[in-house]
Amino acid sequence: MNARARYLDELDDALRVSRRRRARILAELGNHYDEAFAVEPGTADQRNGVVWQRLGAPAVVARACNVEAGRVATRSALALVAAVGVGVAGALAIAAHTGDASARSVSGGWLAIVQVVFFTAVLSAEVALAAWLRGVARVLATGTSPALRGFDRELVRRCGTVTLCALTMAAGGWAALLVVLTRTVRDGLDAGVILALALLTASVGLGWLGWSRLRFNVHDEPEWPNSVVELTGWHRAEGTLLTSISRWPIAVCAVMAIGSAMWVLFTAETATVVAAWPWATAQAAAVVLGFFGLGARLGLRNGGDLGVVA
Amino acid sequence: MSTEQWTGHLDTLILSVLETGPAHGYQAIVSLRERSDGVFELPEGTVYPALHRLERAGLLSSRRVVHAGRERRVYRLSARGRTALRSRRGQWREFSSAVTRVLEGSPA
């Protein structure tokens, strides 16, 4: 592989942008490489060295592209979340209007749906909490700083967007649970339930879309410098809480997941407490494992980059 | 001059470079380097996201052209970009003359 191909290959690996944007960046940088190489004096090795140095390391260029793409994604994700919020609000209103107030038992296919929706709702709530805490800690840490640095603002904005997306998904999930659990299967799927479920499905789907578009964005964060502002006074409490969540995510997730599971089980009266335990345990385990995968992907579990100086 | 001191003005500098006529990325970057006598030198690859940002904002337009068998993307200043450049140039003159007055200690 020649130097040009190696440069573009490394750049390609480090880019976290859409396929269309990636193709455009690689084409432009490839052209740039050729143009610069053609005019530089010296041997091929020397010319490659100069061009490589002038262009900047692939990781540096990729990060600039990722950050720029992240800004766009964050803006559009916010608009998406606003639209999703309308969907969730509509679904909740319909559920409240048409729902049977009495709790019902669920079984068979409905139980599977409830489990999937429950998992989505609890996991989203966890991610929302972690992102929110991270954003708040950074705001508090930099609130006393004379100049809020660009990457601090960017991080807070991204955490806010992740929080909104995750909250939307959580709200959609809980609303779906209410719809499913407060209707009798015997009643069948009347128009109100069908509409509510359709709205909820769209809400969760769009929320997921907005959220997933932030992935490449958050990946860049661990490499950003930490805030140099030291937390003082009661601000240390947020730092401690955030560090605790980062250090013992299992404990935090398990408490949340089991608490949520029990709340749903008792509210839904799906079964006796004894029979419900295996189900609740399985749900809690699934949520904890899910958080481990997703939390790491979203950069929410990196204790070294919490913006907190202990 | 450190990169941090002038990268905040990168968008304006790119608009200014393209004011003289359309150019592809490499030309614009070389022009930026030459017109600043090498002072404005940064990883050239990082200028492309700025070009894309300006295009998205409607200050630049771009189209693909084939030159000597090679496909290039040529950037051109839009009418909106021209207006923005005029405004930013005015703001910069005001700012720089104020800074100069303060630094050199001369009365306004």
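Residues numbered from 1 in each chain as written. Chains lettered and ligands numbered in written order. Predicted model: local features only at pLDDT ≥ 70, side-chain atom pairs only at ≥ 80, totals over all residues. Heavy atoms only, no water.

**Focus on a nonpolar patch on the surface**
On the surface, B:Trp92, B:Phe95, B:Val99 and B:Leu103 cluster together into a nonpolar patch covering about 430 Å² of accessible area. Tracing the chain through its elements places B:Trp92 in helix 5 (residues 79-104). (Patch = residues over 30% accessible without salt bridge, like charges linked within 9 Å, V, L, I, M, F, W, Y side chains within 5 Å. Areas by Shrake-Rupley, 256 points an atom, 1.4 Å probe, with all protein chains shown as cover. Salt bridge = Lys/Arg side-chain N within 4 Å of Asp/Glu carboxyl O. Helix = DSSP H or I, 4+ residues; strand = E, 2+ residues; numbered from the N terminus.)

**Notes on helix 3 (residues 25-35) of chain B**
A large share of helix 3 of chain B lies buried, amounting to eight of its 11 residues. Those residues of helix 3 of chain B hidden inside the fold are in contact with helix 2 (19-39) and helix 3 (44-55) of chain A together with helix 2 (10-19), strand 1 (23-24), helix 4 (47-56) and strand 3 (70-77) of chain B. (Buried < 20%, exposed > 50% of the residue type's maximum accessible area, 1.4 Å probe, protein only. Contact = heavy atoms within 4.5 Å.)

**Here we look at the confidence of the model for chain B**
Summing up the model confidence of chain B, the mean pLDDT is 86 and the portion of residues at 70 or higher is 90%. Here the prediction assigns the complex a pTM of 0.59, and the interface score ipTM is 0.85. (pLDDT = per-residue confidence, 0-100.)

**Here we look at the sheet that holds strand 1 of chain B**
All names here are of chain B. Strand order in the open sheet formed by three strands is 1-3-2, and the pairing between neighbours is antiparallel. Lying at the two open borders of the sheet, with one neighbouring strand each, are strand 1 and strand 2 (60-67). Where strand 1 lies against strand 3, two bridges are found, and the strand directions are antiparallel. Considered in strand 3, the bridge of His 24 is made with Val 74. Of the strands in this sheet, strand 1, strand 2 and strand 3 are in contact with helix 2, which crosses strand 3 at around 100°. (Pairing = 2+ DSSP bridges. Axes fitted to C-alpha atoms, helices over the stretch in contact; angles between N-to-C directions.)

**Here we look at the pattern of salt bridges**
All names here are of chain A. Per the stated rule, a full pass over the model turns up 10 salt bridges over all chains. With a shortest N-O distance of 3.9 Å, Arg 24 and Glu 28 are connected by a salt bridge. Taken together, the positions of Arg 24 and Glu 28, both in helix 2 and four residues apart, correspond to about one turn of that helix. Residue classification places Arg 24 among the buried positions, given a relative accessible area of 15%. In this structure Glu 28 comes out as buried when scored by relative accessible area, which is 7%.

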